[in-house]
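Here are the chains, one letter per residue:
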Amino acid sequence: MFDWSLPTHRRGFLARVAGGAAALGLTQLARPLELAAAPAQVPAKEDPAVTAWLGRLKGTHRLVYDAPGVNSGFPLAWSRVFYMTNNETGVPDSDMSVMVVLRHAAIPLSMVDAAWAKYKFGEFFKITDPKTNAPAVRNIFYRTAAGELPLPGMDIGDLLQTGVLFGACNMAIRFYSGALAKSTGANADDVRKDWLASVIPGIQVVPSGVWAVNRAQEHGCSYCFAG
């Protein structure tokens, strides 16, 4: 006697039925049975820190900026504008959320000045410091002086304090750190670990930028391309 409560017995029976259906030419029946007979796939466990980060999305008005490039800082300016104009139309900060996903060539925005200087991000990513008109050796959008940026409150530190959620693409960190290591003869794993350690406090490293954009939309965010 089979114990039909056991998944292995059910799968074995369904597999035999599917094989018989295929032999009789009943392909429309065979395929669903094959899928039912396949072993169940156990989903990978999500990082609790990332889960908690996504859980900070709140309010009626939710927006995710997809930033695959620095784009002169517009992902930051638009984040500030979203808050400003919602406030002007009567929406309190508590009823809105902004997420900025830094992926691809925007990844240096997620890192502290020391990494910019050490790895010459301005030269590597073609980012010019407007104060020197030379390749930036500092994060020109983080811990800036008053009046240095075109819009007050668009500094990454200010936005984090306001409640903007920033995600940094782990795949971009891996790819670009590897490319830089190859060009300089450094150890790729050492460079990658150093970049991860250089992420600005408060910014969440996510599996990939596109993963985060998708999850943000699943959590009720509207989408805005900001690259």
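Residues numbered from 1 in each chain as written. Predicted model: local features only at pLDDT ≥ 70, side-chain atom pairs only at ≥ 80, totals over all residues. Heavy atoms only, no water.

## Quick look at the overall build of the chain
Helix and strand counts for the chain stand at ten helices and seven strands. Across the 227 residues in the chain, those meeting the buried criterion constitute 40%. Counting every atom, the chain has about 12,300 Å² of accessible surface; 58% of that belongs to carbon and sulfur. (Helix = DSSP H or I, 4+ residues; strand = E, 2+ residues; numbered from the N terminus. Buried < 20%, exposed > 50% of the residue type's maximum accessible area, 1.4 Å probe, protein only. Areas by Shrake-Rupley, 256 points an atom, 1.4 Å probe, with all protein chains shown as cover.)

## A few points about the pairing of strand S5 (residues 165-169)
With five of five residues buried, S5 lies mostly within the body of the structure. Neither face of S5 is open: one carries Leu165, Gly167 and Cys169, the other Phe166 and Ala168, and all of them are buried. Alignment of strand S2 (residues 96-102) against S5, held across four bridges, turns out to be parallel. Its bridge partner lying in S5, Met99 is registered against Leu165. (Pairing = 2+ DSSP bridges.)

## Focus on the packing of helix H8 (residues 170-184) against helix H9 (residues 188-197)
Between H8 and H9, the shortest axis-to-axis distance is 8 Å and the interhelical angle comes to 135 degrees. Compared by their axis directions, H8 and H9 come out oblique. Crossing angle aside, the handedness with which H8 passes H9 is right-handed. Across the interface between the two elements, Asn170, Ile173, Arg174, Tyr176, Ser177, Gly178, Leu180 and Ala181 of H8 pack against Ala188, Val191, Arg192, Trp195 and Leu196 of H9. (Axes fitted to C-alpha atoms, helices over the stretch in contact; angles between N-to-C directions. Parallel < 35°, antiparallel > 145°, perpendicular 65-115°, else oblique. Left-handed = near helix turned anticlockwise from the far one by under 90°. Contact = heavy atoms within 4.5 Å.)

## Observations regarding the environment of Trp78
Considering the arrangement of structural elements, one finds Trp78 in helix H4 (residues 74-88). Along the chain, Trp78 and Leu151 lie 73 residues apart, while their C-alpha atoms are 9.7 Å from each other.

## What to know about the environment of Met84
In this fold, Met84 is placed in helix H4. Sequence-wise, Met84 and Gly153 are 69 residues apart; in three dimensions their C-alpha atoms are separated by 9.7 Å.

## Quick word on the nonpolar core
Counting 47 residues, the largest nonpolar core has Ile107, Phe141, Ile156, Phe166 and Trp195 as the members making the most contacts within it. Every residue in contact with Ile156, bar those within four places of it in the chain, is listed here: Leu76, Leu109, Asn139, Phe141, Tyr142, Phe166, Ile200 and Ile203. Judged by nonpolar contacts, the second largest core, of 14 residues, contains Trp53, Met99, Val213 and Ala216. (Core = buried A, V, L, I, M, F, W, Y, C linked by side-chain atoms within 4.5 Å.)

Shape is all these values report; function is a separate question.
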